[in-house]
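# Examining the three-dimensional arrangement
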Amino acid sequence: MRYKPHDFWYNYSSHYKFILYIMSQLSPYLMFAGNAREAMTFYKECLGGKLEISTVGDSPMSAQMPKEAQNNVMHSTLTAEGISLMASDMMGDAGEKPGNTISLCLVCKSPEEIKIVFEKLSAGGKIVQPLKEEFFGTFGQFTDKFGIAWMMQYGMGETK
């Protein structure tokens, strides 16, 4: 029996349809060791769109970070039709190594969604940062049981 592409969606349980409809966006998150601004500017020149860049010095974390890190990119986003690319210079102590320079970032639409999906995706993996309120919203990070790095975020600090 041959299925039409839409048959797949109609045969999904209502739970999975619900999850698919409430998720906001899954985007690649690139990690750089000091050249995120240069890379993201290059990508903007090639792909077009709108580039937003926030530095460590612009963030509430500024006072906690060393002086030499103040101009590093804390977070950047390039958005264009069909494109959402995020990047940072925040590599951490591990430094740049093959395999740790790209994460999948799932921006969720509700506090319930981030909790449920975080728990499911991180099962059997390694939690790097449990879900926690940050100045930019709820955030958590883990490597799943297949070795894929994930970041999850919800809101802009409005959750409690």
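Residues numbered from 1 in each chain as written. Predicted model: local features only at pLDDT ≥ 70, side-chain atom pairs only at ≥ 80, totals over all residues. Heavy atoms only, no water.

### A word on the overall build of the protein
Applicable threshold: Numbered from the N terminus, helices here are DSSP runs of H or I no shorter than four residues, and strands are runs of E no shorter than two. The rule is simple: take the accessible area with a 1.4 Å probe, protein chains only, and divide by the maximum for that residue type; under 20% is buried, over 50% is exposed, in between is partly exposed. The contact criterion used throughout is that any non-hydrogen atoms of two residues lie within 4.5 Å. Per-residue and other accessible areas were derived by the Shrake-Rupley procedure at a 1.4 Å probe size, with only the shown protein chains allowed to occlude residues.
Across its full length, the protein carries four helices and eight strands. By residue count, 34% of the 160 residues in the protein fall in the buried class. Contacts spanning at least 24 positions in sequence make up 51% of the contacts within the protein whose residues lie at least 6 apart. Surface summary for the protein: the accessible area is close to 10500 Å², and the carbon and sulfur share equals 57%.

### Considerations on the packing of aromatic side chains
Our working definition: Any Phe, Tyr or Trp ring, taking Trp's six-membered ring, that has another such ring centre within 6.5 Å forms a pair; planes under 30 degrees apart are called stacked, those over 60 apart edge-to-face, and the others tilted.
Following the criterion strictly, the structure yields five aromatic pairs and no others. For the pair Phe118 and Phe142, a centre-to-centre distance of 5.0 Å together with 85° between the ring planes defines the contact as edge-to-face. You can see Phe118 sitting in helix α4 (residues 111–122) and its partner Phe142 sitting in strand β7 (residues 137–143), a full 24 residues away along the chain. Phe118 sits in the buried class, given a relative accessible area of 6%. Overall, Phe142 belongs to the buried group, its relative accessible area being 1%.

### Remarks on α4
Formally: Given the number of residues in a helix, its expected span is that number minus one, multiplied by 1.5 Å. Summarising the geometry, the arc corresponds to the directions from the helix axis toward the C-beta atoms.
Taking 1.5 Å per residue, 12 residues should reach 16 Å; α4 reaches 16 Å between its end C-alpha atoms and fits that length. Among the residues of α4, those classed as buried are Glu113, Ile114, Val117, Phe118 and Ser122. Across the axial projection of α4, the buried residues extend over an arc of 125°, all falling on one side. For α4, the exposed residues set more than 90 degrees away from the buried face come down to Glu112, Lys115, Glu119 and Lys120. Positive phi shows up at Gly124, right after α4, with a value of about 85°.

### Focus on helix α3 (residues 36–47)
Over its 12 residues, α3 runs 16 Å from end to end, which matches the ideal 16 Å to within 8%, given 1.5 Å per residue. Along α3, the residues that are buried comprise Ala36, Ala39 and Met40. Projected down its long axis, α3 carries its buried residues within an arc of 95°, all on one side. Turned more than 90 degrees away from the buried face of α3, the exposed residues are Glu38 and Glu45. The inward-facing, buried residues of α3 abut β2 (50–55), β3 (73–80) and β4 (83–88).

### Concerning the state of the cysteines
Condition: Put simply, a disulfide is two cysteine sulfurs that come within 2.5 Å.
Considering all chains together, one arrives at zero disulfides under this definition. Cys105 takes part in no disulfide bond, and the closest cysteine sulfur, belonging to Cys108, lies 8.8 Å away.

### Side note on the pairing of strand β5 (residues 102–108)
Spelled out, the test is: If DSSP finds at least two bridges between two strands, the strands pair.
Here strand β1 (residues 25–31) runs beside β5; their pairing, made up of six bridges, is antiparallel. Residue pairing in the sheet places Leu26 in a bridge with Leu106 of β5. As paired elements, β5 and strand β8 (residues 149–154) share five bridges and run parallel to each other. The partner of Cys108 across the bridge, within β8, is Tyr154.

### Things to note about the sheet that holds β7
Just so we agree on the cut-off: Simply put, an axis is a line fit to the C-alpha atoms, just over the touching stretch for a helix, and the angle between two N-to-C directions goes from 0 to 180 degrees.
Taken together, the eight strands give an open sheet; going across it, the order is β2-β3-β4-β1-β5-β8-β7-β6, and neighbouring strands pair in mixed fashion. One side of each edge strand has no neighbouring strand; the edge strands of this open sheet are β2 and β6 (126–134). Between one strand axis and the next, the sheet turns by 20° as a mean value, whatever way the strands run. Relative to β4, β3 runs antiparallel, the two sharing five bridges. Within β4, the residue paired with Thr79 across the bridge is Ser84.

### Some thoughts on the confidence of the model for the protein
Inclusion rule: As a per-residue measure, pLDDT reflects the predictor's confidence and takes values from 0 up to 100.
Looking at the protein as a whole, its pLDDT mean stands at 79, while 77% of the residues score no less than 70. Contacts for the low-pLDDT stretch residues 1–22, under 50 throughout, to residues beyond four places or in other chains number 11 contacts.

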